[in-house]
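Close look at the chain arrangement
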Amino acid sequence: MSSSVAPCALFERVSQSFARQGMMRHLEARLLRVESGCVEVALAYGDKVSQQQGGFHGGAMGTLADIAGGYAGLTVAPQGMEVTTVEYKINFLRSFQSGELRATGRVVKAGQRIIVTSAQVVHVGADGKESVCAVMQQTLVPVPQTY
């Protein structure tokens, strides 16, 4: 399973699907980069994504990793198909209370029935310093697009 779609068309495919995600709109996540087998998304710190001690909520980190990995998988799925997450495993490494998170998802293996991806979530501070705060591995399945 591979994508021979032009970069602009690939970005448009992912961007259209991303825009349909109510959760991404609610969290104000941003699509930063789309390449075959790789997608990067960002999420700024704020009340919508914090936990009781003021840090980024693990659910927000997991959501961002899931989206980055899922859309990386979509870049290699055939036209007319979407992907859905079957499972993911995430390790939280650090917590931060400001700045933004950037998750980069990459395809590890693109098969006919399953796509395996990984994602790294990095915190970017106001000073530009980057620190890895979570890593994820994910299994996706291609499903027919219904819209």
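Presented here is a report on the structure given in the accompanying data block. (Residues numbered from 1 in each chain as written. Predicted model: local features only at pLDDT ≥ 70, side-chain atom pairs only at ≥ 80, totals over all residues. Heavy atoms only, no water.)

Along the backbone of the protein chain there are three helices and six strands. Relative to a compact globule of 147 residues, whose C-alpha radius of gyration would be 15 Å, the protein chain shows 15 Å and is just as compact. Overall, the C-alpha framework of the protein chain stretches about 40 × 25 × 25 Å when taken along its three principal axes. Across the 147 residues of the protein chain, 44% fall into the buried class. Considering only contacts within the protein chain whose residues lie at least 6 apart along the sequence, 66% involve residues at least 24 apart. Looking at the protein chain as shown, the accessible area adds up to about 7,600 Å², and 50% of this sits on carbon and sulfur atoms. Mean positive and mean negative side-chain charge positions of the protein chain (13 and 11 charges, respectively) differ by 5 Å. (Helix = DSSP H or I, 4+ residues; strand = E, 2+ residues; numbered from the N terminus. Rg over C-alpha atoms; globule rule 2.2 N^0.38 Å. Buried < 20%, exposed > 50% of the residue type's maximum accessible area, 1.4 Å probe, protein only. Contact = heavy atoms within 4.5 Å. Areas by Shrake-Rupley, 256 points an atom, 1.4 Å probe, with all protein chains shown as cover. Lys, Arg positive; Asp, Glu negative; His and termini not counted. Charge placed at Lys NZ, Arg CZ, Asp CG, Glu CD.)

Strand pairing in a sheet is mediated by backbone hydrogen bonds. Such pairs are either parallel or antiparallel. Taken in spatial order, the six strands make up an open sheet running 1-2-4-5-6-3, and their pairing is antiparallel. Strands with a single pairing partner mark the edges of an open sheet, and in this sheet they are strand 1 (30-35) and strand 3 (81-92). Between one strand axis and the next, the sheet turns by 20° as a mean value, whatever way the strands run. Taken strand by strand, helix 1 (residues 7-19) contacts strand 1, strand 2 (38-44) and strand 3, and its axis lies near 150° from that of strand 1. (Pairing = 2+ DSSP bridges. Axes fitted to C-alpha atoms, helices over the stretch in contact; angles between N-to-C directions.)

The interhelical angle for the contact between helix 1 and helix 3 (residues 58-74), taken along N-to-C directions, is 140°, at an axis separation of 10 Å. Taken together, helix 1 and helix 3 sit at an angle that is classed as oblique. Between helix 1 and helix 3 lies a crossing of right-handed hand. Residues Arg-13, Val-14, Ser-17 and Phe-18 of helix 1 touch helix 3, and the partners they reach there are Ile-67, Tyr-71 and Leu-74. Class assignment for the residues of the contact of helix 1 with helix 3 results in five nonpolar, one polar and one charged. (Parallel < 35°, antiparallel > 145°, perpendicular 65-115°, else oblique. Left-handed = near helix turned anticlockwise from the far one by under 90°. Nonpolar A, V, L, I, M, F, W, Y, C, P; charged D, E, K, R; others polar.)

Moving on: unusual backbone geometry. A positive phi is found at Glu-28, a non-glycine position, where the angle reads about 60°. In this structure Glu-28 comes out as exposed when scored by relative accessible area, which is 55%.

As a further point, take helix 3. Between its first and last C-alpha atoms helix 3 spans 24 Å; for 17 residues at 1.5 Å apiece the expected length is 24 Å, and the two agree. Within helix 3, 13 of the 17 residues are buried, leaving the element largely enclosed by the surrounding structure. (Expected span 1.5 Å × (residues − 1).)

Working definition of a disulfide: a covalent bond connecting the sulfur atoms of two cysteines. For the structure shown, the criterion picks out zero disulfides. Not part of a disulfide, Cys-8 finds its nearest cysteine sulfur in Cys-38, a span of 16 Å. Classification of Cys-8 by relative accessible area gives exposed; the value is 68%. Distance from the sulfur of Cys-133, which forms no disulfide, to the nearest cysteine sulfur (Cys-38) is 17 Å. (Disulfide = S-S within 2.5 Å.)

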